[in-house]
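Residues per chain, in single letters:
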Amino acid sequence: MKGHLHPKNNTTLNPSGNESILDVIGRVSMKRRRFVVTAASTSILAVLGDTTVSGLLQTATASTSTVPAGLGFAGIGFQSIEPNLRNPATGLLEKDLVTVPPGYTARILSAWGDPIMPGAPDWLPDASQGAAAQEKQVGMHHDGMHFFPLPGRSYYNRTSGLDVPVEGRAYNNKGLLCVNHEYTQETILHPDGNTVMTIEKARKSQAAHGVSIQEISKDRFGGGWSVDRNSRYGRRITANTEMRVSGPAAGDALMRSKKFSIQPNGSIEIGVNDGFTAYGTLNNCAHGATPWGTYLTCEENWNVYFANPSGDIESVPGLDQKLEIISGQSRYGIPTSSGYKWPEVDPRFNASTNPLEPHLFGWVVEIDPYEPNSRPVKRTSMGRFKHESAQYVVDDNNRLAYYMGDDERNEYIYKFVCSRTYDTKVRANNRDLLDHGTLYVAKFNDNGTGEWLPLVWGQRGLTPENGFNNQAEVLIKTRQAADRVGATMMDRPEWVAVRPRIRGFNEVEVYCTLTNNSRRGTTPASVNNPDGTTSGGSARPPVDAANPRQDNRYGHIIRWRETGRSVAATTFNWDIFVQAGDSQRTEPNLVGDINGDDFSSPDGLWFDYYGRLWIQTDHSGNGQGDLVNIGSNTMLCANPNSPRQVKLFLTSPTRCEVTGVITTPDHRTMFINIQHPGEGSTPAAPDSVSKWPHSQGYGPSGRPRSATVVITKNDGGIIGT
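A brief structural summary.

So, how was this worked out
- Residues numbered from 1 in each chain as written.
- Predicted model: local features only at pLDDT ≥ 70, side-chain atom pairs only at ≥ 80, totals over all residues.
- Heavy atoms only, no water.
- Helix = DSSP H or I, 4+ residues; strand = E, 2+ residues; numbered from the N terminus.
- Polar contact = N/O pair within 3.5 Å; in protein donor to acceptor, adjacent residues only side chain to side chain.
- Contact = heavy atoms within 4.5 Å.
- Phe/Tyr/Trp six-rings, centres within 6.5 Å; stacked < 30°, edge-to-face > 60°.
- Buried < 20%, exposed > 50% of the residue type's maximum accessible area, 1.4 Å probe, protein only.
- Lys NZ or Arg CZ within 6 Å of the ring centre and 35° of its normal.

Turning to the side chain of Ser-566, a few remarks are in order. Its location among the elements puts Ser-566 in the loop between strand E30 (556-562) and strand E31 (571-579). There is a polar contact of 3.1 Å between the side chain of Ser-566 and the backbone nitrogen of Ala-568. When near neighbours in sequence (up to four residues on either side) are disregarded, Ser-566 contacts Asp-395 and Val-508.

In this description, a pair of aromatic rings is defined by centroid distance and the angle of the planes. Counting across every chain of the model gives 32 aromatic pairs. Here the aromatic rings of Phe-78 and Trp-614 are separated by 6.3 Å at their centres, their planes lie at 20°, and the arrangement is stacked. Of this pair, Phe-78 sits in the loop between helix H2 (53-59) and strand E4 (104-111) while Trp-614 sits in strand E33 (residues 613-617), and the two are 536 residues apart along the sequence. Exposure remark for Phe-78: the relative accessible area of 3% places this residue in the buried category. Grouped by ring-pair contacts, the aromatic residues Trp-302, Tyr-305, Phe-306, Tyr-332, Tyr-340, Trp-342, Phe-349 and Phe-361 constitute a single cluster. A cation sits over an aromatic face here: Arg-384 above Tyr-332, 4.2 Å from the ring centre. One residue, Lys-477, lies across the ring of Phe-468, its end atom 6.0 Å from the ring centre.

Now for unusual backbone geometry. Cis geometry is found at the peptide bond from Thr-523 to Pro-524, where omega equals -5°. Here Trp-692 and Pro-693 are connected by a cis peptide whose omega angle stands at 10°. Tracing the sequence through the fold places Pro-693 in the loop between strand E37 (669-675) and strand E38 (707-713). One non-glycine residue with positive phi stands out, namely Asp-551, at about 45°.

As far as function goes, none of this settles anything; it's purely spatial.
Have a look at this one:
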C-alpha cells in the first residue's frame, strides 16, 4: 500500500517474456465467469452467456437493505453509509473524519509517536524528537496488523480455517497488537523535511519504520481501549534491528553483504556478514500470522531505500556474478537515487558499494510477540519479492500453506506449502516449519483453470545454464525464477484473504486484490522476458482473462479454489469475484460490476470468522478525477456468494489510505488503520491538508498522524451484524 509520495509500483521491473494474462484473454471470449455454489456445497465454473459489464449495471440498483445469510456466510446487518465526497469550494473532502454506520462508534487507540514502552517520551507535535525517542514510540504510516490475546492462546479451528470466536473477558479485553509501519513521510517526520539530509534524520526515519508491538486492554468499566505505555511486551522492530536469516538462502554467498556497526552518528564498516544475520526490516506492508501464535511482517517496496548512483557495482571477493547482480537490481527496481536519501549518509544502503545488501530484504519476517527478547527471523523459503501479505490455510490433513502477492504491476501470485504438517498440540514443534517446503507461482489458464508451478532448482529451466546455481539462488531471484517457468503477469497482486470453511462451505477458496495497472493493454505491447532481464514494472502486457481491463485504473479481485480442497494441490479453478469501478460513469472500461457502493483500487482484504469479506481501498483519496463519485478511501463488506452485494462500512479523512483490519477473538472489537492522512502538505504547513486524528478529538494539533482506530457496536454486538 502506498500514498501520493510513496512509490506507485508504476515502473515495470519484470522483463520476462512469459505470456501475460492479456495474452490469455485475447484467445478467449470475454464472458463473465462465476463460481456457482449449490446447497450441497458443490461448485462449478459457470459462464454467463455474453453478458457485458454495462448490461449487468443496467439491472443493478443501489440498495440500503441488509444482506441475508447464505452458504458459508452469516449475512450483513448494517446499511451502507454515504461516501465522503470532495467539497468543490475547498478542494478537500467534506469530512476530515473516520465515519462508520449508525449504531457503531470509532475511537482512536494510538497514533504515530505515542509511547509504548518504559522510558518512552510523549510525542511532540513540532517533530523535534530524534531517533532515540522514535525507537520507543509508535512508528509512522501504519499498515497490516494482528491482535494476539493475553494470556497467549491459539484459537485455530481446522474446520473453519480461521481463529474461532472465543467469548470471555480474559481473551478479548487484553492483548498484543502488532502493527506494521510501511514508510515515512519525510515532510512531516522532520521539522524541515529531508531536503538537506543528515545521519540524524536517516536514523529517525529508520526508527519510524518496521513494527510496533503494543499491549492494549479494555477498561472493565466501559472506559474503552488504551495502551500500556510501560508494558514489558512493548517493543519496536526497526530498520536496524538485528535478525536471523533462516531457510535455504541463509549463509549463501549472495547473502554475505558488508557488515556495519550501526551507530547513532554513522554506519562503520567492520567486515563481512555471515549470511545468517540481517539488520532491519523495511516497508512493512501487509502481514500474516501463524496458527501457533507468531506474527509475519512482509517487506514490500524495500528497493526504494537503496540507490545505485553509478549503475555499476564493486566486485565481491570470491563471487563472480557481477552482471547477474546488476541485472537483479534492475529486476527488483533499485533506483539510481533514493527519495529517502539514506544512501547519501548511510553506506549500508549504497547498492553500488554494498551490492549484496539488497538481497537481505524482500522476505517474510516472523516475530514472536510473546517473547520480547526473541530475534525476528527472515524466512527465505517463502521467496524474495515485494511481499504484500501472507495468509495461511491448514487443510483437513493438517498441511499448511501460505498465499502471497508480489505488489508490482505485472508481477505474480505465489503459495508456499510446508513439507511437514502443522502440530496442533506442541507449539515448539512448529518453530522451523516455515523453513521447509515448496514455493509455487500461479499460472492462470484461459479456461478458468490454473496451475501452481514449482520453483525448484533443477526443474523447468531453473538450472546453472540459466543463472540458478542452487535452491538458494532460486529464492534470492524469485522474480527471475517465476519469469523462467512461465507464470501469469497480474495487475499488482496485493492482499490475500482465505474464506472460512463454515456453515456447510468446505472449499479451500482464496481471494487476492489486484489493485490497478495503468500499463495493462497499452502500447507498445511488451511482456516479461523469461531470462529475467525486464526492469520491474516496465512491461505493457495485453489484457487477458484474469486481467481483462485495459488501463485498469479501478482494479479487481480474483479468487480460486484448490483442487480436492488440498493446499498441496497443483491445480485450481479461478474466476473474477468483482471489478471495482464507478457505476455512474459511461465509459465501458471504467464502470464496475458492483451494486451501488462503488469503490476503487481494492487493497486490504480480510475474512472474518462469519464469512464476511472486508475490502479496504488505496487510491489518491482526494475525490477528484476518476474518483469524483467515489470520494475518500473506504472499507466495505461483501457477500462472497454474490459480488454485487457490497456495503460501504467506513469512510476516511482526506488523502489517506484505509488499511489493516483485525478483530478480537469474539469479533466485538475491530481495529483498522488510517495511513498518511493529509499527504501532500509541506514542512511549513504540515496540517494544511488534514488535521486528523486531532479533528476526531485525539491528541494535540500540529501535524497529521497515522493511527489505529477501534470500532465497536454500541450494543456490544458482533461487528458486521
